[in-house]
Structure formats: structure tokens, C-alpha cells
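Working through the structure, step by step
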Amino acid sequence: MSQTPQTQRPNYTFALIVVFIVCFLIGFITTMNNSMISFCSKAFDLTAQQGQYVNTAFYGAYLLSIPFAMLMSKIGYKGTLILGLAVAGIGFVINSIGINSAIAAQANVYTVFLASMCLVACGVVMLQNVANPYVMVLGSPEKGAFRMTLSQALNSVATTLAPLFITYVIIRGQDPEPSAVPAPFLGLGIFTLAICVILVFLKLPKIDEGKQAEDAGIHREYKSSVFKYPHVWLGALGIFMYMGVEIGVPSMLPYKFRDMLGAGEDYTSIATSYLAFYWGGMMVGRFIGAAILAKFEPRKLLTSCLVLGAACILLSVVLPDMVGIWCMIAAGLFHSVMWPLIFNLGLQELGPHTKSATGVINTGVIGAALLMPVMGKLVDSTSVIVASCCLFIFYAYIIWFCNWGSKVGLGK
């Protein structure tokens, strides 16, 4: 007696391994870029504001998430993976060649650096667009949140290792000169292009999300456009607010040390050393979250983490000195599962619109570029305590989205 389609599930293990590697690479590139800011600031003799243009060039590329998602709908997951890796790799190589050429021509080296990193970021946005929905559809829908959290756990391993790699392998022993900047990016470019070439010859499954749902026994009529699904837009705003939470803590931490130690002390380097505990907490939290999600419902876990994260920030506001600082750092443990779970809720019941939806939701990453200057302005005009209270607004919206907003317009 033959098996029914419901029990004949394809084996996606190999494809998942490929996507997990891509998730690791996304985290490594993003954090490596951010970790080079201090070195680049000295090498190019920049002000603090000019140094932050690295983040502006990088995260600004997420404005292209929707066009890139539409492109993914045309060329598929594998095609977008190959294109994203190629664009990022070429951007790194151009960085090296362009900086060396600019130095020889005595041109503006930093402008060349920013332009090439924006090109790298375009590749990363394509990879980000692929990774999230591909992980979602490579297996049973009910385990989608678990797979996404596991992929983000591997991303967190990369974000933890990248600063250590920059500090102890690349920067160590080098003078901060423009000529020292291209080397690490050239090496990463060659590595990225090598993965791209290998991927060309690998066979990955082609997935029809609508047919996959039908095969799983889920019969659903889909709307004519992804733009008609309110929970997708609300999910994009959820990611926007989440970026304020994730980046808000490390952005406020130096000012907490400044208030404790005094502006005359070297509070910046001390705060930077403590950030390893924040990012490490996110890494640990994602592995724990992946295990918990194997048995518990995603909305309950996300709500619990939001409440506990907000409690940590509240304690950091009212408790003094290092006790308050450790409470702020501890919030990273609970921030860990928020990105994959928000994304998972935003991609529900979309079938053939899954690819386009990921572009809409990824656009919310620009929250890192827009919310941080607002919080910084509040620090300058009032205090770090007032600025930190913005986090409660971000938490409140995500709680609403988790329990109510993510259900708007759905069939159940």
C-alpha cells in the first residue's frame, strides 16, 4: 500500500546546512563591518560621526529589501543565494583594489571604502532575504520557528567570533593606516566568492510554497498580492522596533559607564569589553530558545522573553552602578529569540507570497539607522535613563504584534 503525500516528506537536511552556513556568513560580515569602525576611524582620521557612516552605508542598503525580494521571486532561492554571495564578494574585492588605488592617487580613501561596503551590504540583504523564508519552508510549517531560531543561533556564533577575529587576528600588531584596511576584506571577499562558486554546482531543492502547503493537507486561498496582508507590514514594524531593542542596549551601555565613571575616564573601551557578555548572552539564548521551541508555542516564548527583557531594562534604570549595568547586559539573553520569532509570525500563511514578504519585513532593519540617533539625542538633551525608557515603547509594540497584530487578516 503506497504512502499518502502527507507522509512523504522530502529530506531537506543538506539544503538546511547550506542555509545555516549562509546565516553564519551574514552574522560574520555584519559584525566584522561594525567591529572595524574603531580601526577605520583611526586609519582615516575620522570624527565619531564620520565613523558611524559605516553603519549608515551598511544598514541603509536594507531599503532595497523589497526590490531584491521581487527579484528572488523571479530567480528563486538558489539564484538569489548565488547572486548575493557574488555581489558581497565582489564588493570586498573592490574595497581592496579601490582603497589601494585611492591611496596611490591621493584621492578620498574613505569614500571608496563606504561605496564598496554599501555594495557588500546589498549582497548581504539578498542573502538575508533568502535565509529567513528558505529556513521556514525547508520542512514542516509547525517547526519553522525552531529552524529559524537555530539558524539565528549560528548567526550569533558568528557575531561573537567576528570581533575576536578582528581584534586578535587582523588588527593585532598593525598600525591604523589606510593601507592596512584592505587586507581583511580581500581575504573575506575571496572566501565569499569561493562559497559562491561551490554553490553554483550544488543542487538545492526548488520549492513551491503554495504546493507545499497543499501537500501538507493545508487548503487555503491566497490573496493577489503580499501587500494585502496586514500582518506582514505589522511584522516589518515589529522588526523595526526590535532593532531599537537589540542595538539600543549596546548603544546606551557606554553612557551608563560614563555616568558611573565620569566623562574624564576611558569609559568607551571599558564598555566595549563588556559588550562581549551581551552578544554572548544572545548566542546562548538562541541555542536555549531553539531547544525550548521544540516543545513550546512560539507566541508564548516570545511574550515571556519580552516581559523578562523589559524587566531587565527596568532594573537597569532603577539600580545603581554595576548592578544596573549587569541588568542591562542580561537583557541580551532574552533578546536572543526575538528576531526569528517576529519574522516567523510575519511570514505566516503566505504560500506563494513568502519570498516577497521577506523583503517587506527585512525593510524594518532600517530601525537601527533611525532609532539610534533619536536615543542619542535624548542622551545629549536629557539623560541616558530617559533614552533607555524608549526601549519600553519598543517592547510594548512587539508584545502587541506577537499576541494581536500578527493575527490580523489571517484565516484562523
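The structure contained in this document is the topic of the report that follows. (Residues numbered from 1 in each chain as written. Predicted model: local features only at pLDDT ≥ 70, side-chain atom pairs only at ≥ 80, totals over all residues. Heavy atoms only, no water.)

1. Things to note about the nonpolar core
Residues Phe 113, Tyr 134, Met 243 and Tyr 395 are the most contacted members of the largest nonpolar core, which totals 123 residues. Ranked by residue count, the leading element in this core is helix 6 (residues 109-137), at 18 residues. (Core = buried A, V, L, I, M, F, W, Y, C linked by side-chain atoms within 4.5 Å. Buried < 20%, exposed > 50% of the residue type's maximum accessible area, 1.4 Å probe, protein only. Helix = DSSP H or I, 4+ residues; strand = E, 2+ residues; numbered from the N terminus.)

2. Here's the deal with helix 18 (residues 390-403)
Relative to the 20 Å expected for 14 residues at 1.5 Å per residue, helix 18 spans 21 Å between its end C-alpha atoms, a close match to the ideal helical length. Of the residues making up helix 18, those classed as buried are Cys 390, Leu 391, Phe 394, Tyr 395, Tyr 397, Ile 398, Phe 401 and Cys 402. Down the axis of helix 18, the buried set is contained in an arc of 165°. They therefore lie on one face. Summarising the contacts, the buried residues of helix 18 are in contact with helix 10 (230-261), helix 12 (298-318), helix 13 (321-335), helix 14 (338-346), helix 16 (367-381) and helix 17 (384-388). (Expected span 1.5 Å × (residues − 1). Arc of directions from axis to C-beta. Contact = heavy atoms within 4.5 Å.)

3. A closer look at the pattern of salt bridges
Going through the model one piece at a time under the given rule, you end up with one salt bridge. Asp 259 is the partner of Arg 258 in a salt bridge, and the nearest nitrogen-oxygen pair spans 3.7 Å. Classification of Arg 258 by relative accessible area gives partly exposed; the value is 23%. (Salt bridge = Lys/Arg side-chain N within 4 Å of Asp/Glu carboxyl O.)

4. Details of the side chain of Ser 336
Here Ser 336 lies in the loop between helix 13 and helix 14. Residue Ser 336 is classed as buried on the basis of its relative accessible area, which comes to 1%. Discounting residues that sit within four places of it in the chain, Ser 336 has contacts with Met 282, Gly 285 and Arg 286.

5. Focus: the environment of Leu 199
Note on placement: Leu 199 falls in helix 8 (residues 182-200). Here the alpha-carbon distance between Leu 199 and Ile 82, two residues 117 residues apart in the chain, equals 6.7 Å.

6. Points about the environment of Ala 86
Along the polypeptide, Ala 86 turns up in helix 5 (residues 65-105). Those residues in contact with Ala 86 that lie beyond four places of it in its chain are Leu 193 and Cys 196.

7. Side note on a nonpolar patch on the surface
Together, Val 284, Ile 288, Ile 292, Phe 296 and Leu 333 make up a nonpolar patch on the protein surface, roughly 420 Å² of accessible area in all. By residue number, the principal contributor to the nonpolar patch is helix 11 (residues 267-293), which donates three residues. Position of Leu 333 among the secondary structure elements: in helix 13. Under the relative-accessibility criterion, Leu 333 is labelled partly exposed at 36%. (Patch = residues over 30% accessible without salt bridge, like charges linked within 9 Å, V, L, I, M, F, W, Y side chains within 5 Å. Areas by Shrake-Rupley, 256 points an atom, 1.4 Å probe, with all protein chains shown as cover.)

8. Re the packing of helix 6 against helix 15 (residues 354-362)
Relative to each other, helix 6 and helix 15 sit at 120°, their axes nearing to 9 Å. Between helix 6 and helix 15, the angle is such that the two are oblique. Handedness of the crossing formed by helix 6 with helix 15: right-handed. Contact residues: helix 6 offers Gln 128, Asn 129, Asn 132 and Pro 133, while helix 15 offers Thr 354, Thr 358, Gly 359 and Asn 362. (Axes fitted to C-alpha atoms, helices over the stretch in contact; angles between N-to-C directions. Parallel < 35°, antiparallel > 145°, perpendicular 65-115°, else oblique. Left-handed = near helix turned anticlockwise from the far one by under 90°.)

9. Some details on the packing of helix 10 against helix 15
Packing of helix 10 against helix 15 leaves a shortest axis separation of 7 Å and a crossing angle of 40°. If you check the angle between helix 10 and helix 15, you find them oblique. Regarding helix 10 and helix 15, the two cross each other, and that crossing is right-handed. Facing helix 10, whose interface residues are Val 232, Trp 233, Gly 235, Ala 236 and Ile 239, helix 15 presents Ala 357, Val 360 and Ile 361.

10. A closer look at unusual backbone geometry
Excluding glycine, residues mostly carry a negative phi; peptide bonds, for their part, are mostly trans. You will see that Asp 321, though not glycine, has its phi angle at about 50°, which is positive. Tracing the sequence through the fold places Asp 321 in helix 13.

Read these as spatial facts, not as claims about activity.
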